[in-house]
Every structure is written in C-alpha cells, then in structure tokens.
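What the coordinates show
What follows is the residue order along each chain.
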Amino acid sequence: MIFRFQRRPGGWFRSTMWVGFASIGATRLAAHLLLAANSVFAADPVVHGEHATGGPPRRMAVLMDGCGTVNFQAETQNGLAAKYFDQGLAQLHGFWYLEAERSFLSAAAEDSQMAIAYWGVAMANREKAAAAREAIDEAKKRLGDKTPDRERRLVQAADRWLLTEKEIEDREAEDERQKTLGKKALANSKEKRRETDKRRWRRYLDDLESLALDFPDDIELKSILVRDLWAANGAGVPIQSHLAIDAILDQIFKVAPDHPAHHFRIHLWDHKRPAMAEASAHACGPAAPAIAHMWHMPGHIFWRLKRYDDAAWQQEASARVDHQWLHQSGRLPAEIHNFAHNNEWLTRSLIRVGRVGDAVALAKNLISMPRHPELNSIDRRGTYSYGRDRLIDVLTAYELWDRLEAELGGPYLDPTEHPQAADRYRAAIAVARARGGIANESKERTEADLAAAGKLLKAMRLKRIDRLKEKIQAPAGEAKRELEGQLKSADRQIAWVRAAIASRNDQPDEVGQHAKKAGLDVATTSLWMADAGDLEGGIKKLQAAMKNDGTRVRYRAILADLLIRADREDEALEHLTVLRTLAGNADLETPMLAKLKPAMVRAGFPDDWRTPKDADRPRTLDSLGPLTWSPPKMPAWGAKDATGKAVFGEEFRGRPTLILFYLGAGCLHCVEQLHAFNDQVDRFKSAGIDVIAISTEDVETLRSGLDDYEKKLEIPLLSRGDDDIFEAFGCWDEFSGEALHGTFFVTADGKMRFWDIGAEPMMDVDFVLAEAKRQMAIGSTQVQKIALAE
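Residues numbered from 1 in each chain as written. Predicted model: local features only at pLDDT ≥ 70, side-chain atom pairs only at ≥ 80, totals over all residues. Heavy atoms only, no water.

**Structural notes on unusual backbone geometry**
Despite not being glycine, Phe95 has its phi angle at roughly 60°, a positive value. Even without a glycine there, the phi angle at Glu399 is positive, about 55°. The topology assignment puts Glu399 in the loop between α16 (383-397) and α17 (401-407). (Helix = DSSP H or I, 4+ residues; strand = E, 2+ residues; numbered from the N terminus.)

**Considerations on the side chain of Ser377**
Relative to the assigned elements, Ser377 resides in the loop between α15 (356-368) and α16. Dropping the residues within four chain positions of it, Ser377 is found in contact with His372, Tyr384 and Ser385. (Contact = heavy atoms within 4.5 Å.)

**Let's talk about the nonpolar core**
If you look at the biggest cluster of nonpolar residues, it comprises 143 residues, and the most contacted ones within it are Phe85, Trp119, Trp637, Ile659 and Phe729. Ranked by size, the runner-up nonpolar core spans 80 residues in total, among them Ile367, Leu404, Ala583 and Ala586. (Core = buried A, V, L, I, M, F, W, Y, C linked by side-chain atoms within 4.5 Å. Buried < 20%, exposed > 50% of the residue type's maximum accessible area, 1.4 Å probe, protein only.)

**Let's talk about the confidence of the model for the protein chain**
Parts of the prediction with low pLDDT should not have their coordinates interpreted in detail. Put simply, the protein chain has an average pLDDT of 86, and 85% of its residues get 70 or more. In this model, residues 1-57 is a region of pLDDT below 50 whose contacts with residues beyond four sequence positions or in other chains number 219 contacts. Counting interchain partners and residues more than four positions distant, the pLDDT-below-50 stretch residues 780-790 has 31 contacts. (pLDDT = per-residue confidence, 0-100.)

**Points about the environment of Arg653**
Mapped onto the secondary structure, Arg653 falls in the loop between β2 (646-648) and β3 (657-662). Taking the C-alpha atoms as reference points, Arg653 and Met634, separated by 19 residues in sequence, lie 9.4 Å from one another. Excluding residues that lie within four positions of it along the chain, Arg653 makes contacts with Met634, Ala748, Asp749 and Gly750. Looking at Arg653, its side chain comes within polar contact range of the main-chain oxygen of Met634, at 3.4 Å. Polar side-chain contacts of Arg653 include one of 2.8 Å to the side chain of Glu650. (Polar contact = N/O pair within 3.5 Å; in protein donor to acceptor, adjacent residues only side chain to side chain.)

**Quick notes on the packing of helix α2 (residues 97-110) against helix α3 (residues 115-124)**
Contact pair α2 / α3: the axes reach a minimum separation of 8 Å and the direction vectors enclose 165°. Comparing their axes, α3 and α2 come out roughly antiparallel. By crossing handedness, the relation of α2 to α3 is classed as left-handed. Taken together, the residues of α3 that come into contact with α2 (itself represented by Tyr97, Glu101, Phe104, Leu105, Ala107 and Ala108) are Ala117, Tyr118, Gly120, Val121 and Ala124. Partitioning the contact of α2 with α3 into residue classes produces 9 nonpolar, 1 polar and 1 charged. (Axes fitted to C-alpha atoms, helices over the stretch in contact; angles between N-to-C directions. Parallel < 35°, antiparallel > 145°, perpendicular 65-115°, else oblique. Left-handed = near helix turned anticlockwise from the far one by under 90°. Nonpolar A, V, L, I, M, F, W, Y, C, P; charged D, E, K, R; others polar.)

**Observations concerning the packing of aromatic side chains**
Taken as a whole, this structure holds 19 aromatic pairs when the rule is applied. Here Phe677 and Phe684 contribute two aromatic rings whose centre-to-centre distance is 6.0 Å and whose plane-to-plane angle is 40°, an arrangement assigned as tilted. Judged by its relative accessible area of 1%, Phe677 falls in the buried class. Chaining the aromatic ring pairs together yields one cluster made of Phe72, Phe85, Phe104 and Trp119. Directly above the aromatic system of Phe72 lies the positively charged group of Arg150, at a separation of 4.0 Å from the ring centroid. (Phe/Tyr/Trp six-rings, centres within 6.5 Å; stacked < 30°, edge-to-face > 60°. Lys NZ or Arg CZ within 6 Å of the ring centre and 35° of its normal.)

**With respect to the environment of Cys670**
Among the secondary structure elements, Cys670 is positioned in helix α28 (residues 668-679). Residue classification places Cys670 among the buried residues on the basis of a relative accessible area of 0%. Residues Cys670 and Pro761 lie 91 residues apart in sequence; the distance between their C-alpha atoms is 6.6 Å. Non-local contacts of Cys670, meaning those with residues more than four positions away in its chain, are made with Tyr662, Leu663, Gly664, His741 and Pro761.

As structure tokens, this is what we get:
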C-alpha cells in the first residue's frame, strides 16, 4: 500500500472545518507550490518541503466512483481537467473539503489557465480567509476574454465576498486583542464583526441570485445558490422562505433526481421541519456513496424524527465509508472533517437502540485511534476525548458498574490531568461505587461502597470547588472564562455523584434536585428516584417524558421494569409489546433487558423476544466498509546502514519500533530532531522500543555525515538506498517530487499506530513516548463486543 498523507499546519490549503497538525503560522501562496511542468501556481524554488507547510496530502487527486453526478461543463480543452473539476464540485457539495481541494488543484495542474479551478480551491477553503483570498487572487489573474461569463462572475462574486488581505491582518490583530477583553467588550467586538459579515453575505447572495436568473437552466449554479442561502443563515442573514429554497431544489431534482444537492435540503429543514427532508434523507447517501458525510447528514433528520434505528444506520454507513477510505488512503482518522462527531453520535444512537456491545466497541475504538498533540488530544473534541466520554456514557446508561470499574484505570479510561476529564473520571469512580452495590446482597458491601463514594465526593468538593472559587477571583479575560468553565463542569460532576448517593439513601427528592443539576436524562432520574423509594414518582416522571419521545429502548425498558416492580404488569405488557420492535437489534444479555425476560415469557413471548422491523435499505452496510478503524500495516521496506549492509523492515517485526524519516545532515531541523530523540533513547529502550532513523542520503553521504554530528548517536542511521521507502510511507510530495519528514510508531505486530508527516519534523519526544506506551497497552484496536452478562 502506498500511503499519501500530509501534516496540515496553518495557512494555505487548510480546509474548511478542518484542523491541521502542528500550527507553525500562516504562509503565503508563493511559498507553497513549485513552478514545474504540472505546477499549479508560479513560485520560487524551495527545499525540504517548505512549500507544503500549509498543504493537504500533496498528491494528485484520483478520479473515483461514487462522488455524485455533477456536470458543470467548465471551459477547458483538457478533458481530464473537466473531470477533476466536476469531481471537486461534487465533493464540495458533500463537504468533503480535503478531497475537493485536491480535485480542484489537479484540474489546475492539467490546465494552468483554468480560472474556475482556483475558484474551487477558494471554495474548499472558504472559512480559511488567507487561503481563500490567495486562491481567488490566482483565479482573477487567469480571467481573460475567453473566460465564459458565468465562470467570470462566480470568480468576481467570490472576490467581492472574501476578505481582503488587509482585512485578514486586521482581524488577526483583533483576535489577539480579544483574549484580554471582558465579557461586555468581547460581545461588542463580536457583534461589530457579525454586522460586517452580514453585509458581505447579502452582497454575495445578490451576485449568486443574479447568476441563477441569467442562466435559468443551469442546475449547478442553482445548487451553489441553495447551499449559500443556507450557509448565510449561520452568518446572521436569515432565510426568508424555506419553501422558496425548497422549490429551487425541486427544479434541480427534476433535471437530476440523484444530484448531491439532497444534502442541502437536509440542512435546509434540519432545524425547521425535518419531515420535509425525509425523501432527501433516503436519497442523500446513494447520491454520492463514496462521500461519508452524505450518509451522515440523513442521521440528523431521522434523529429529530426520533427514528433512532434509522439514524444509527445512516451514521454507521458514514463511519464505514470513512473507514474504507482511511484504509485506502492511509490518513489519520482525526484528519477527516466530521469523523469524530459522526462516530460519537453513532455511539449515542447505538445507546438509544440498545446495541450496547457495539456502542462499547466503537467508543473503545475511538479511544484507541492515534493521538496527536495538535490534532487529537484530550483538550480537543476529537476521537480520544469523545471516546472516553461515550465509553462512560454507555456503561453508566445501562448500569454496567462492574464493567465501568474495570475500565477505570485501564488503558482505555486511564487517569488524566486534564481538569474537566479528571473531574468526570473521579465522579465515575464514585458513582460506580454508589450504584454498584445494587446487585449485591451484602449489606456490608453496600455500606462500604457508599462510604467510599462519600469520601470521594468530599475530596472532590474540597479539592476542586473550593480551590477553583479561590482561583477565579484573580484572573480576567480568557483565563477567567476557562476557570469558570472548569467550575461549572466540576459542579455537574459532583451533582452526579450526589444524585447516585441519594438514590441509595432513600432520598428521592435529593435525587431529583441533583440529577437536574447534573443533566441526567429522565430515564436515569426516574430509575434512581424509584430506587430511593419513590416508585410512583419515578413512573409518572418517565411516563410524562415518553409522551414526547417513546422510541428509546432504555426509556421503554426502565418504565416496563418499574411497572412490574409496582405490580402493574398489565400496564407493563403494553410497553413490553412495543419494546419487542424497538429493541429489535438490541443486546438482550444486557442486564437492563435481561431482567425483563421472565415477564416476556409470562406474556407468551419466546426467549428471544425481539422482532426486528423490516428495513428498506439501498445496500448492506458491510458493503460500505468495516464498522471500526484498524491501524494500517507497516509497508515492506529495505534500507542500508552506513557500511552498505542491507536492512529490511521484517527484521524489526516482533519488536515495537519508532522510525524517524529525515532529510539528511544538511537539514538543521532534522539534526535537532535526531539529537532530541537520541537524548531520550534510553527511555524508549526501557519501554522496549527500538528507535531507528532513515535518511534521504545515499550510503556514502550518510557515512561521511556521521562524523559531523556533535556527539555519537545511539540511534542507528540508515540510508534509503535505492528503495522508494519515503514514498511507501507517504513521506513524499507528488507535486514537487520532494521528500518530507516523518515519525512512525510501529507495534510488535507490524501495525502503524501513530504517525506524523510534514514539512517540519515531530519534536515532542515526551508525547511520542507516552503515545507509544499507550498504544502498546491498548493492543489491538479491533475491539470485540464485551460479555454484557458478566
């Protein structure tokens, strides 16, 4: 497998809603791309991949099936450029900015005077002001007498809409100043900017509407208009008529029933009246099956319609498409727009339909994915932090307390120093202790558990709340807001613990009070109230909630159980009957559902009482890709040591290995990296990890360079030899033909479980070592379903 992936720092090519690896500052266009036969923009020659400091995976796009039917008919004599452009526009419609950008760049590489291709690059970077401005400036340079009117006007509309370079600089300075502003000044500053943006948006929408009116048969112009009428709503320009926009979409679908614009109809009605987009929710994924986000968005509609099984199906389809693409491309999961959000939402949907084992497996899979200090850490809402939260969510929702206690302190829920995550971690321990005694008959065990929970609660209140209240008096601005957020989070976690303890101390009113502050759902609150002695109160509370949402498996199962406990089995039967279909794909061995089996049998239902509803699906999920992500295998490789002896990757299988790809002794950053890791090599060895470095140099240059290092290196240095090892690992820029820096951690089974590639080498030695140890502890990321009945 040939991997192509690239670190994305700030500046050029940083796609919309996409966070890059190491932020090393904005760069300008001329510093990014070489003037070559297939160059995109003219630039001065640069070395060591510096032009790629803001770049995407620097490779030509691949024409792929399944991106949607789009026919823009861009003006070009190059047929391949036209295909790349149509593919890019389809990907843009699906918010797949990463690939859209590459497709537009590839169109420009085929036809360097294709102005509309640069417009596409700008649209793929529309929320990255500097990148979009640079691209549209390049588009303007290529406008000529032969440029079609609609393409010229699209470029001009974008030029009038996007910020100028001076406006960008002014905003950057204002952003720095805002960090010290108080709440009132900050609000005033934001409102002023918002008014300016609204004026820009209104002018831009007028330009697009004029285009659509002048070209009434052009459905691609209408698709762009519809998307931006919706997008402007988020910028404060309200939609005047949803039905009017929907009518434009009808015009598009009359010509092209499977157009990717189904995606825009979902966004249009998502928060307004989701049932209006149900037809598009069914059509969206099949309209562009290779784009994961096109499967994800229908999940919004079905979730709001409280059809959680359908929502889960859509989100699972999205996850599988992403996993398939990751397998083919070799990119990090956290590099994909919307990936973490889709998978965490899928986990929440699985909880609602009772697929507990899959929810646990998916949450643990998210945790196991490679972390990165700038991309996927506990501070960011990425796969790592989402996975931790969702693992706690599913285990507490289904009251799997022993399982939760077993996970806490393990490789998936390890202790952390992050303030909010640490609060949740400590609270989970206390809640597991307080609630875990329910299944135990020993009074001594129950009292001991409650005592332990109470002690943890007291420690949290003294050590967190009191100290935070003291700290919060001094700072101002951003620091004060951060502490206020920590205090609010700590209060919620403490309320969660207090509600759990009250549920065991016959204090139903206390349960209700603290549960509200903790943000617990109605099902948990009702169950804990019943356990505290107010069985009827718990039943009434849950019955009231189910008038608005009666399709969650937990809600129905808990209500049926409470009614049985109240000797109202005839009433419970109604809910048990509905539950058979609701829980059609649920895990019956979950204790919360297993306890209902005797009542189901008494009602005459079989041991496996589920009756899954027939599903009208366009395809099987397995055909889209795997449910969970798995780390790629290390490519086969060969190199040579300083004596010319051949060294092969197979020699390192069976031993965890850190591989540093560097650009030779002439690269000062590379030398700094080698010395940084060399100084800590004993720590890696103590952890059982080999460290090697592979250079772009030939054997002779490598050998002579070894004498120039300031001190003897303990890390073995290898020459790439005649092998395309840098390409095999993806440390390669196809546009310029240059090698890039790379850092890879490979476990004993030959799987790559962390990597970083880009114009600058990874220098955070402590992080790399910590992540390597974590990955070794986790082991296989192919998490199996847990034994729920234990």
